[in-house]
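The primary structure of each chain is shown beneath.
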Amino acid sequence: MKICIASGNRGKIAELQKLLSEYITDIEIELVSLKDVGFEGDILEDGETFEENALIKARAAAEFSGLCSIADDSGLIVNALGGEPGVYSARYAGEPCDDAKNNEKLLKNLEGIGDRSAAFVCTIACVIPEGQPLSGDPIIGTGYCPGEILFNPRGKGGFGYDPLFWFDPFGKTFAEMSAEEKNAISHRGAGVKAFAEAFNKRIAEEKEKLWKRYGL
Ligand code: IMP
């Protein structure tokens, strides 16, 4: 099955291809990017939740490509800040996006606050055009990784809020982990797994419908 990924990021697509082929074994999956199908523009992500944004992107990709389409949206939510930066994670300190400025703003907003609990969230949404195999309601999966926001950055790896995000079970920030360590516990890994489970459920339901049609 050909699936369009609403992203132009080659690394993201390669990683998704690997993970989805591991988890979804009933059908063969071939991922193509929006660029591969000739899409050039930008998609306006003006949703208020990760799910809304993932759906906006997946719908736009499905409409343009006519293919089953997948999009993800992720970010950081901080309890004491009412869920901020949330869907504004990439541009928390304004445009153009700047990781260092975002981290600075986060530390400033948490000054004097005792509760530093936070979580990374990743939602993956899939929209299948009507009339195609597996079509129906969008298929959605969400993954979380709970942690805490440090007072100072630690570590040189990763991106975004990684240097401030402390993951206690490993005794490290995300920026101090190897890619393998981060993948094993990250919101993205959990999101892909949750999504694949929901996708596999849709495949099972479709098969059952087929058997029923033959009175079995
Ligand atoms: P995206 O939806 O994956 O593009 O993520 C949006 C923003 O959330 C990024 O620009 C980062 O600021 C933040 N973010 C998402 N995932 C991570 C992560 O694994 N580490 C650090 N920051 C992240």
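Peer 1: What exactly am I supposed to notice about the packing of helix 1 (residues 10-23) against helix 5 (residues 187-213) here?
Peer 2: Helix-helix packing: each pair is described by the crossing angle between the helix axes and the interaxial distance. It is the contact of helix 1 with helix 5, at a shortest axis distance of 10 Å, that shows an interaxial angle of 45°. Taken together, helix 1 and helix 5 sit at an angle that is classed as oblique. Helix 1 and helix 5 meet at a crossing whose hand is right-handed. Taken together, the residues of helix 5 that come into contact with helix 1 (itself represented by Glu15, Leu16, Leu19, Leu20 and Tyr23) are Arg188, Val192, Lys193, Phe195, Ala196 and Asn200.

Peer 1: Explain the site of the ligand here, please?
Peer 2: Lining the immediate surroundings of the ligand are 14 residues, of which Ser74, Asp162, Lys182, His187 and Arg188 lie closest. In the environment of the ligand, an oxygen atom lies 2.9 Å from a nitrogen or oxygen atom belonging to the side chain of arginine 188. For the ligand, whose unbound accessible area comes to 480 Å², protein coverage reaches 85%. Secondary-structure elements contributing two or more residues to the shell around the ligand are strand 3 (68-78) and helix 5. The element that contributes the greatest number of residues to the shell around the ligand is strand 3, accounting for three residues. Split into classes, the residues belonging to the shell around the ligand amount to four nonpolar, five polar and five charged.

Peer 1: Teacher, can you tell me more about helix 5 here?
Peer 2: For an α-helix, the turn length of 3.6 residues means that residues three or four places apart are oriented alike. Its 27 residues give helix 5 an end-to-end C-alpha distance of 39 Å, which sits within 8% of 39 Å, the value for a rise of 1.5 Å per residue. Here helix 5 has its buried residues at His187, Arg188, Gly189, Gly191, Val192, Phe195, Ala196, Phe199, Arg202 and Ile203. Looking at the buried positions of helix 5, the neighbouring elements they touch are helix 1, strand 3, strand 4 (117-127), strand 5 (139-149) and helix 4 (179-185). In this structure serine 186 caps helix 5, since a side-chain oxygen of it lies 3.2 Å from the backbone nitrogen of arginine 188. Glycine 215 sits one or two residues past helix 5 and shows a positive phi near 70°.

Peer 1: I keep staring at the state of the cysteines and nothing clicks. Help me out?
Peer 2: Chemically, a disulfide is nothing more than a covalent bond linking the sulfur atoms of two cysteines. Tallied over the entire structure, the rule returns zero disulfides. With no disulfide of its own, cysteine 4 has cysteine 68 as its nearest cysteine by sulfur position, at a separation of 9.2 Å. Lacking any disulfide linkage, cysteine 68 is separated from the closest cysteine sulfur, that of cysteine 126, by 3.5 Å.

Peer 1: When you look at a negative patch on the surface in this model, what are you seeing that I'm missing?
Peer 2: A cluster of acidic side chains, namely Asp46, Glu48, Glu51 and Glu52, defines a negative patch on the protein surface. Mapped onto the secondary structure, glutamate 52 falls in helix 2 (residues 50-65). Take glutamate 52: its relative accessible area is 38%, and that puts it in the partly exposed class.

Peer 1: Explanation requested: a nonpolar patch on the surface in the structure shown.
Peer 2: Side chains of Leu210, Trp211, Tyr214 and Leu216 sit close together on the surface and give an oily, nonpolar patch of about 520 Å² of accessible area. Mapped onto the elements, tyrosine 214 comes out in the segment after helix 5. Here tyrosine 214 falls in the exposed class, since its relative accessible area comes to 57%.

Peer 1: How should I be thinking about the pattern of salt bridges in this particular structure?
Peer 2: Pairing of side chains with opposite charge becomes possible as their charged atoms draw close. Counting across every chain of the model gives 13 salt bridges. The partner of aspartate 162 in a salt bridge is lysine 182, with the nearest N and O atoms 3.0 Å apart. Here lysine 182 lies in helix 4 and aspartate 162 lies in the loop between strand 5 and strand 6 (165-167), a separation of 20 residues in the sequence. Neither aspartate 162 nor lysine 182 differs from the other in exposure class; each is buried. Between glutamate 181 and lysine 172 there is a salt bridge, with its nearest N and O atoms 2.9 Å apart. For lysine 172, a relative accessible area of 24% puts it in the partly exposed group. Salt bridges linked by common partners bring Glu45, Lys57 and Asp73 together as one network.

Conventions used here
Residues numbered from 1 in each chain as written. Predicted model: local features only at pLDDT ≥ 70, side-chain atom pairs only at ≥ 80, totals over all residues. Heavy atoms only, no water. Axes fitted to C-alpha atoms, helices over the stretch in contact; angles between N-to-C directions. Helix = DSSP H or I, 4+ residues; strand = E, 2+ residues; numbered from the N terminus. Parallel < 35°, antiparallel > 145°, perpendicular 65-115°, else oblique. Left-handed = near helix turned anticlockwise from the far one by under 90°. Contact = heavy atoms within 4.5 Å. Near = heavy atom within 4 Å. Polar contact = N/O pair within 3.5 Å; in protein donor to acceptor, adjacent residues only side chain to side chain. Areas by Shrake-Rupley, 256 points an atom, 1.4 Å probe, with all protein chains shown as cover. Nonpolar A, V, L, I, M, F, W, Y, C, P; charged D, E, K, R; others polar. Expected span 1.5 Å × (residues − 1). Buried < 20%, exposed > 50% of the residue type's maximum accessible area, 1.4 Å probe, protein only. Disulfide = S-S within 2.5 Å. Patch = residues over 30% accessible without salt bridge, like charges linked within 9 Å, V, L, I, M, F, W, Y side chains within 5 Å. Salt bridge = Lys/Arg side-chain N within 4 Å of Asp/Glu carboxyl O. Lys, Arg positive; Asp, Glu negative; His and termini not counted. Charge placed at Lys NZ, Arg CZ, Asp CG, Glu CD.

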